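Breakdown of the fold
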Amino acid sequence: MAEPTFRTLEILARLVVLATRTRITYTGEENIPDRGGAVIAINHTSYVDFLPAALAVHRRHRRLRFMIKAEMQQVKVVNFLIKRTRTIPVDRGAGADAYAVAVRRLREGELVGVYPEATISRSFELKEFKTGAARMATDAEVPIVPVIVWGAQRIWTKDHPRHLGRSKMPITVAVGAPLRAGNDIASTTDALRASMTALLHQAQDGYPHPAGAYWVPRRLGGGAPTMAEAAQIEADEAAARSAGRAANRTPPRPR
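Read on for a plain summary of the structure. (Residues numbered from 1 in each chain as written. Predicted model: local features only at pLDDT ≥ 70, side-chain atom pairs only at ≥ 80, totals over all residues. Heavy atoms only, no water.)

Some details on the overall build of the chain
Counting secondary structure elements, the chain contains seven helices and eight strands. For 255 residues, the compact-globule estimate of 2.2 N^0.38 gives 18 Å, and the chain sits close to it at 19 Å. Considered along the principal axes of its C-alpha atoms, the chain spans approximately 65 × 45 × 40 Å. Residues classed as buried in the chain amount to 46% of the 255 residues present. For the chain, long-range pairs separated by at least 24 residues make up 73% of all intrachain contacts whose partners lie at least 6 apart in sequence. Counting only carbon and sulfur atoms, one obtains 56% of the accessible surface of the chain, whose full area is about 13,600 Å². In the chain, 37 positive and 24 negative side-chain charges are present, and the distance between their average locations comes to 8 Å. (Helix = DSSP H or I, 4+ residues; strand = E, 2+ residues; numbered from the N terminus. Rg over C-alpha atoms; globule rule 2.2 N^0.38 Å. Buried < 20%, exposed > 50% of the residue type's maximum accessible area, 1.4 Å probe, protein only. Contact = heavy atoms within 4.5 Å. Areas by Shrake-Rupley, 256 points an atom, 1.4 Å probe, with all protein chains shown as cover. Lys, Arg positive; Asp, Glu negative; His and termini not counted. Charge placed at Lys NZ, Arg CZ, Asp CG, Glu CD.)

Structural data, given as structure tokens:
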């Protein structure tokens with residue numbers, strides 16, 4: 001598959017890694033199938049964790065088709081890339097069309113990247129999983145490959161400054177054994193989360209975690225919010241957004 005735009009992005013991604021002197025360690029990449037469809041389930045701690053995950057897939061001479069928020073199509077350059085890289089836009093208010101596209105791509109032998117947590121985890125622990133990965137894999141009759149990216153949150157994550165320069169940040173990408181999706185979606189989702197939890201702890205072993213650092217989970221002595229604290233922050237944000245929408249719908253009072 002030629003895909004000149006995707007090829008250009010692959011070259012640029014490798015150049016960015018070299019320019020920033022980012023050190024990426026890959027483990028278990030042989031678990032990414034060298035042919036056929038699969039759901040690639042990735043944890044979500046950063047705005048840039050897609051890149052190490054995509055590079056792991058590229059090392060297997062494959063390409064990863066991400067699902068992305070449909071709102072990103074409003075950014076002209078992003079919309080250009082979406083159309084030329086077979087990225088799948090998702091309208092969160094009506095996701096059935098994107099889901100159908102993803103299942104079709106999987107059946108055609110593509111690798112589709114999803115974030116089971118849906119949004120970035122402020123605690124840097126795994127949040128509760130949505131069922132989309134399990135449902136897709138079941139409907140398309142393909143495996144789910146768990147992938148953990150650890151360290152990318154040091155580069156760019158929620159509530160903290162970006163560190164996009166020559167940071168020399170170490171990043172670990174750990175790929176687990178493929179899981180075969182069953183008809184029980186809840187059980188499959190639980191099995192995926194358990195597999196990714198074990199993989200996360202494995203990726204953290206041997207990785208330096210300074211005490212009190214904002215990007216280190218509280219479980220490891222860091223300063224990140226606990227899972228309960230992170231959930232409260234998200235609930236407060238959701239309430240603020242809801243209040244904002246309600247205010248915008250309120251008609252002005254007559255003078």
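Further notes follow.
What about helix 6 (residues 185-204)?
Here helix 6 is 20 residues long and its end C-alpha atoms lie 28 Å apart, about the 28 Å a rise of 1.5 Å per residue gives. Check the buried side of helix 6 and you find it contacts strand 2 (38-42), helix 5 (132-140), strand 6 (143-150), strand 7 (170-175) and strand 8 (179-180). Looking at where helix 6 begins, the residue whose side-chain oxygen comes 3.2 Å from the main-chain nitrogen of A186 is D184. In the segment just after helix 6, G206 is the residue with positive phi, at about 85°. (Expected span 1.5 Å × (residues − 1). Polar contact = N/O pair within 3.5 Å; in protein donor to acceptor, adjacent residues only side chain to side chain.)

Observations regarding the packing of aromatic side chains
Under the definition given, this model contains four aromatic pairs. Between F66 and Y115, the aromatic rings sit 6.4 Å apart at their centres with planes inclined by 20°, giving stacked as the arrangement. In this pair, F66 sits in strand 3 (residues 64-69) while Y115 sits in the loop between strand 5 (111-114) and helix 5, placing the two residues 49 residues apart along the sequence. Summarising the burial analysis for this pair, F66 and Y115 share the class buried. Cluster of aromatic residues (ring-pair linked, three or more members): F50, F66 and Y115. Above the face of the F129 ring, R193 is positioned so that its terminal group lies 5.9 Å from the ring centre. (Phe/Tyr/Trp six-rings, centres within 6.5 Å; stacked < 30°, edge-to-face > 60°. Lys NZ or Arg CZ within 6 Å of the ring centre and 35° of its normal.)

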